[in-house]
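# Structural characterization, general
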Amino acid sequence: MDDGAKPDWWVRNERERERMELPSYEPARFENGTYVHEVVSRLESKHGCTITVLGINTEYPDDWEVRVDGERAFTVDRSRDENGNTRYHLDAETFRERVERALE
């Protein structure tokens, strides 16, 4: 992915991390490498909803919740790589299917 395709916040983050000599940042991804924010944005636009992935009173590596319009839809297992970047343990298509099932 080139800088022209990255959101402004990502480019700023990369610059700050380089300046501080921190490991590279990758936004949260699904098992198949797809970025979570891209899938969530498409689903929110398509269905006119709000999707949030969060942990409430969790400790690592507890599952997080996926909420659709504020309602708990399902949970998702996650882990972090050696640089602290989050990976959710399902693929993008399964995530999409579960969100759309919650909207029925």
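Read on for a plain summary of the structure. Per chain, residues are indexed from 1 in the order of the written sequence. The model is predicted, so local features are restricted to residues of pLDDT at least 70 and side-chain atom pairs to those at 80 or more, both for listing and for counting; the totals for chains, interfaces and linings are taken over all residues. Side-chain measures were taken over the full set of non-hydrogen atoms in the model, leaving aside hydrogen atoms and water.

## Digging into the side chain of E65
Helix and strand assignments follow DSSP, with helices taken as H or I runs no shorter than four residues and strands as E runs no shorter than two, numbered in order from the N terminus. The topology assignment puts E65 in strand β3 (residues 64-68). The exposure class of E65 is buried, given its relative accessible area of 16%. Of note is the side chain of E65, whose polar atom sits 2.8 Å from the side chain of R67. Excluding residues that lie within four positions of it along the chain, E65 makes contacts with T52, V53, L54, I56, R72, F74 and T75. Partly exposed describes any residue whose relative accessible area lies between the buried limit of under 20% and the exposed limit of over 50%, with all areas from a 1.4 Å probe on protein chains only and scaled to the type maximum. Any N or O atom pair separated by 3.5 Å or less is treated as a polar contact, with the protein-specific requirement of one donor-capable and one acceptor-capable atom, and with residues adjacent in sequence counted only for side-chain atom pairs. By the convention used here, residues are in contact when the closest approach between their heavy atoms is within 4.5 Å.

## A word on the pattern of salt bridges
A side chain of one charge can pair with a side chain of the opposite charge when the charged atoms of the two come close. In the sections that follow, a salt bridge refers to a side-chain nitrogen of Lys or Arg positioned within 4 Å of a carboxyl oxygen of Asp or Glu. Applying the stated rule across the entire model yields seven salt bridges. Between R19 and E16 there is a salt bridge; the shortest N-O distance is 2.7 Å. In this pair, R19 and E16 are both assigned in helix α1 (residues 8-19), three residues apart and thus about one turn of the helix distant. Assessed through its relative accessible area of 59%, R19 is described here as exposed. E16 gets classed as partly exposed once you look at its relative accessible area, which sits at 37%. Linking R96 and E93 is a salt bridge whose minimum nitrogen-to-oxygen distance equals 2.2 Å. Here E93 and R96 lie together in helix α3 (residues 92-102), a separation of three residues that amounts to about one turn.

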